Amino acid sequence: MNYRWTIRLFAGLNDRFGTPVLELMLPQDEMAAAQLKQQLASLHPDHQDLLQLCFVACNQAYAQDDTVVRYSDELALLPPVSGGEEYIEQPSVASSDSLFQLTDGPISVEAVSRLVISPNNGATLTFIGTTREWTFGQRTVRLEYEAYAPMAIKTMEQIGSEIAERWPGTLCAIAHRTGVVEIADISVVIATSSPHRDACYEASRYAIERLKQIVPIWKKEIWEDGSEWKGHQLGPWNPLERSGASN
């Protein structure tokens with residue numbers, strides 16, 4: 001008996017394989033995440049180098065190499081995130097408390113900032129990320145963002161929990177665009193508030209670096225003469241590694 005394994009693909013993987021979903025018929029009904037990658041590499045040897053850089057997501061969470069996954073799980077193969085052809089347009093998605101949001105429309109800086117203003121906190125800081133036109137002499141025409149939406153919200157919530165643990169009393173809200181973002185438009189807003197300003201600055205920096213490390217959002221740079229998915233640019237990509245930021 002064979003089992004049907006369904007694996008979602010995103011960003012550069014989607015482009016390389018020419019499909020957003022891979023389906024495998026395998027005799028095993030479960031295996032380690034690393035074995036699943038090995039199966040894919042054996043079936044697609046031309047993409048072996050790229051597959052080695054990817055992580056398996058199981059039920060909207062990153063899986064360790066030895067994590068056992070089943071054919072019936074919600075599985076995805078995630079290339080290095082950007083935090084990144086046609087892009088996949090995403091509807092607006094938000095956490096239950098609306099502190100963490102994905103939207104395909106403009107982001108209101110004021111609305112995100114208001115989410116963290118608290119009588120108990122004397123410092124509020126808002127980070128705004130916009131589309132830069134020139135990078136190392138190359139002109140960007142626009143950006144296109146793609147997200148694994150439900151997992152992106154979960155990992156944003158994880159960042160908020162990590163910040164609250166490291167800097168007690170600190171609040172964090174994140175809103176990120178999907179789809180097309182034009183030059184000078186806002187792609188991400190991160191608002192933090194803390195009882196004191198030192199923690200607020202540290203938490204804001206932590207939030208953007210952690211977002212680029214673990215949140216499954218991918219960025220495609222469109223130039224006048226081509227395009228490229230931009231993956232993790234902070235060194236070897238390991239979303240399972242804890243950030244080294246300190247209190």
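Residues numbered from 1 in each chain as written. Predicted model: local features only at pLDDT ≥ 70, side-chain atom pairs only at ≥ 80, totals over all residues. Heavy atoms only, no water.

**Digging into the overall build of the protein chain**
Turning to step 1, where the next piece is worked out: A tally of regular secondary structure across the protein chain gives 6 helices and 16 strands.
Turning to step 2, where the next piece is worked out: For a compact globule of 247 residues, the expected C-alpha radius of gyration is about 18 Å, and the protein chain comes in at 19 Å, within 12% of that figure.
Turning to step 3, where the next piece is worked out: In terms of overall dimensions, the protein chain has C-alpha extents of about 60 × 40 × 30 Å along its principal axes.
Turning to step 4, where the next piece is worked out: Considering the protein chain as a whole, with its 247 residues, one finds that 49% of them fall into the buried category.
Turning to step 5, where the next piece is worked out: Counting only carbon and sulfur atoms, one obtains 48% of the accessible surface of the protein chain, whose full area is about 12,000 Å².
Turning to step 6, where the next piece is worked out: Taking the average location of the 20 positive side-chain charges in the protein chain and that of its 32 negative ones, the two points are 3 Å from each other. (Helix = DSSP H or I, 4+ residues; strand = E, 2+ residues; numbered from the N terminus. Rg over C-alpha atoms; globule rule 2.2 N^0.38 Å. Buried < 20%, exposed > 50% of the residue type's maximum accessible area, 1.4 Å probe, protein only. Areas by Shrake-Rupley, 256 points an atom, 1.4 Å probe, with all protein chains shown as cover. Lys, Arg positive; Asp, Glu negative; His and termini not counted. Charge placed at Lys NZ, Arg CZ, Asp CG, Glu CD.)

**Points about the nonpolar core**
Turning to step 1, where the next piece is worked out: Counting residues in each nonpolar core, the largest one holds 39 residues, and the members touching the most others are Leu 78 and Ile 174.
Turning to step 2, where the next piece is worked out: The residues contacting Leu 78, other than those within four sequence positions of it, are Phe 10, Leu 13, Cys 54, Phe 55, Ala 57, Tyr 62, Tyr 148, Met 151, Pro 216, Trp 218 and Trp 237.
Turning to step 3, where the next piece is worked out: Counting residues in each nonpolar core, the second largest holds 23 residues, with Trp 5, Leu 13, Leu 51 and Cys 54 among its members. (Core = buried A, V, L, I, M, F, W, Y, C linked by side-chain atoms within 4.5 Å. Contact = heavy atoms within 4.5 Å.)

**Let's talk about the packing of aromatic side chains**
Turning to step 1, where the next piece is worked out: Following the criterion strictly, the structure yields 5 aromatic pairs and no others.
Turning to step 2, where the next piece is worked out: Between Phe 10 and Trp 218 the ring centres are 5.1 Å apart and the planes differ by 15°, which places this aromatic pair in the stacked class. Residue Phe 10 shares its accessibility class with Trp 218, and that shared class is buried.
Turning to step 3, where the next piece is worked out: Taking the centre distance of 5.5 Å and the plane angle of 70° together, the rings of Trp 167 and Tyr 206 count as edge-to-face. Residue Trp 167 is located in the loop between helix H5 (149-166) and strand E12 (171-177), and its partner Tyr 206 is located in helix H6 (residues 197-214); the two are separated by 39 residues in the primary sequence.
Turning to step 4, where the next piece is worked out: Here the aromatic cluster, defined as three or more aromatic residues joined through ring pairs, consists of Phe 10, Tyr 148 and Trp 218. (Phe/Tyr/Trp six-rings, centres within 6.5 Å; stacked < 30°, edge-to-face > 60°.)

**Digging into H6**
Turning to step 1, where the next piece is worked out: In this model, H6 (18 residues) spans 26 Å end to end at C-alpha, consistent with the 26 Å of a helix rising 1.5 Å per residue.
Turning to step 2, where the next piece is worked out: Within H6, the full set of buried residues consists of Ala 199, Cys 200, Ala 203, Ser 204, Tyr 206, Ala 207, Ile 208, Arg 210, Leu 211, Gln 213 and Ile 214.
Turning to step 3, where the next piece is worked out: Looking at the packing, one finds that the buried side of H6 touches strand E9 (123-130), H5, E12 and strand E14 (186-194). (Expected span 1.5 Å × (residues − 1).)

**Digging into the pattern of salt bridges**
Turning to step 1, where the next piece is worked out: For the coordinates displayed, the defined rule picks out 9 salt bridges.
Turning to step 2, where the next piece is worked out: In this structure, Glu 144 and Arg 142 form a salt bridge, with 3.2 Å as the shortest nitrogen-oxygen distance.
Turning to step 3, where the next piece is worked out: Relative accessible area serves as the criterion here: at 27%, Arg 142 is assigned to the partly exposed category.
Turning to step 4, where the next piece is worked out: For Arg 205, the salt bridge goes to Glu 209, with nearest N and O atoms at 2.9 Å. Of the two residues, Arg 205 and Glu 209 both sit in helix H6, 4 residues apart, roughly one turn of that helix.
Turning to step 5, where the next piece is worked out: For Arg 205, a relative accessible area of 56% translates into the label exposed.
Turning to step 6, where the next piece is worked out: The class of Glu 209 is partly exposed, set by a relative accessible area of 28%.
Turning to step 7, where the next piece is worked out: When salt bridges with common partners are traced through the structure, they connect Asp 29, Glu 30 and Arg 70 into a single cluster. (Salt bridge = Lys/Arg side-chain N within 4 Å of Asp/Glu carboxyl O.)

**Some details on the pairing of strand E6 (residues 75-78)**
Turning to step 1, where the next piece is worked out: Burial along E6 is two-sided: Leu 75 and Leu 77 and Ala 76 and Leu 78, pointing in opposite directions, are all buried.
Turning to step 2, where the next piece is worked out: As paired strands, strand E1 (residues 3-9) and E6 are joined by 3 bridges and run parallel to one another. Residue pairing for E6: Arg 8 is matched across the bridge by Ala 76.
Turning to step 3, where the next piece is worked out: Bridging between strand E4 (residues 55-58) and E6 involves 4 bridges; their strand directions are antiparallel. Its bridge partner being in E6, Cys 58 is matched across the sheet by Leu 75. (Pairing = 2+ DSSP bridges.)

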